[in-house]
Amino acid sequence: MESSVHRVLVTGADGFIGSHLTEMLLQQGYEVRALSYYNSFNYWGWLDDVKHSRLEVVTGDVRDPHFCRHITQGMDIVFHLAALIAIPYSYIAPDSYVDTNVKGTLNICQAAKENNVQRVLVASTSEVYGTARYVPIDEVHPKQPQSPYSATKIGADAMAMSFYNTFGLPVVIVRPFNTYGPRQSARAIIPTIITQIAAGKKEIMLGDLTPTRDFNFVKDTCKGFIELSQCDAAIGQEVNVCSNYEISMRDILEMIARLMNSDVKFIEDRQRLRPRNSEVFRLWGDNTKIKSLTGFVPSYTLEEGLLETINWFSWGENLKKYKSDIYNV
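Anyway, here's the lowdown on the structure attached to this text. It should be emphasised that the depicted structure is a prediction, and the values quoted were computed from it without experimental measurement. (Residues numbered from 1 in each chain as written. Predicted model: local features only at pLDDT ≥ 70, side-chain atom pairs only at ≥ 80, totals over all residues. Heavy atoms only, no water.)

**Observations concerning the overall build of the protein chain**
Consideration 1: Broken down by element type, the protein chain carries 11 helices and 13 strands.
Consideration 2: Radius of gyration (C-alpha) of the protein chain: 19 Å, near the 20 Å computed for a compact globule of 329 residues.
Consideration 3: Principal axes of the C-alpha set define a box for the protein chain whose edges measure 55 × 45 × 40 Å.
Consideration 4: Classification of the 329 residues of the protein chain by burial places 55% in the buried group.
Consideration 5: Summing over all exposed atoms, the protein chain offers an accessible surface of approximately 14100 Å²; the carbon and sulfur share of this is 51%.
Consideration 6: Treating the 33 positive side-chain charges of the protein chain as one cloud and the 37 negative ones as another, the clouds have centres 2 Å apart. (Helix = DSSP H or I, 4+ residues; strand = E, 2+ residues; numbered from the N terminus. Rg over C-alpha atoms; globule rule 2.2 N^0.38 Å. Buried < 20%, exposed > 50% of the residue type's maximum accessible area, 1.4 Å probe, protein only. Areas by Shrake-Rupley, 256 points an atom, 1.4 Å probe, with all protein chains shown as cover. Lys, Arg positive; Asp, Glu negative; His and termini not counted. Charge placed at Lys NZ, Arg CZ, Asp CG, Glu CD.)

Spelled out as structure tokens, the structure:
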């Protein structure tokens, strides 16, 4: 893609990955239109902490097709990250996941097609693979909808690919494995551990510690998105963004405790356990494809990323934004 392309839209820019992606795009010279979910308080999520002369913040909802046509006008690239992502909440409110994840992606793709957007990067998730049938998991691994959330992301990816196959929309499916870092929701395992230890707890509540995950620092995930947006050969492809390394939840707990000089004890909280057939027990991603397409390799080791994450969460002004004593669905 030509270097003159600089006008980009980031949906879900007020969230964890989206806010970091917005910052990285601004640092690299892009003009960014950042979508924050509409609310009457004029609250922009993590974008409230992002200030830049080339940043335009708009508020709205990807569930509205007319709004999507409006915000994609004049854009060269769309990074579509807006989604409902909490797996436990998808057990409670699956219909809202269909509306946001599937219909929202449809609306963005239709709008991008009508407005001649040159590249659409759709954020997928490693949850679409379910528990690994083989490792490392490459992009041809079967999809297994083990939660309503993963089912809607499988549907969203398929919808986006249908626009590539039918209309030639230049789509790339970007499939991050487990991203962590500053600003992440406390519903995720790493912030849950860090915030409870930082709050001084000697016993922390967690779910099942036997599953393994392929963890990626948020800045590496964002780098993967940007490198794929600049790669013509990635169009029409589903591409993992991962470290090609797995670690168990228990080992992550022990590593964080060591880095925070804590002798914390673990207590299993049954409300944090997924239904047996819904739990994804093993995720280990194969990053061969993204390496061959872009030369991408992670810049952060797991320990380096954890130290930066711990430092951010441990700062008082950040820690007080989290309710470490409440289970965040």
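That covers the picture; the talk isn't over yet.
**Observations concerning helix 5 (residues 148-167)**
Helical periodicity: at 3.6 residues per turn, an α-helix aligns residues three or four positions apart in one direction.
Consideration 1: Between its first and last C-alpha atoms helix 5 spans 28 Å; for 20 residues at 1.5 Å apiece the expected length is 28 Å, and the two agree.
Consideration 2: Regarding helix 5, the residues found buried are Tyr-149, Ser-150, Thr-152, Lys-153, Ala-156, Asp-157, Ala-160, Met-161 and Phe-163.
Consideration 3: Immediately downstream of helix 5, the backbone of Gly-168 shows phi near 75 degrees, a positive value. (Expected span 1.5 Å × (residues − 1).)

**Remarks on the sheet that holds strand 6 (residues 171-176)**
Consideration 1: The strand order 3-2-1-4-5-6-11 describes an open sheet built from 7 strands, whose pairing is parallel. Bordering the open sheet on either side are strand 3 (55-60) and strand 11 (238-241), each of which pairs with just one other strand. Taken over all neighbouring pairs, the strand axes of this sheet differ in orientation by 20 degrees on average, direction set aside.
Consideration 2: Relative to strand 6, strand 5 (residues 119-123) runs parallel, the two sharing 4 bridges. Counterpart to Ala-123 in the pairing with strand 6 is Val-174.
Consideration 3: Here helix 5 sits on the sheet in contact with strand 5 and strand 6, set at roughly 155 degrees to strand 6. (Pairing = 2+ DSSP bridges. Axes fitted to C-alpha atoms, helices over the stretch in contact; angles between N-to-C directions. Contact = heavy atoms within 4.5 Å.)

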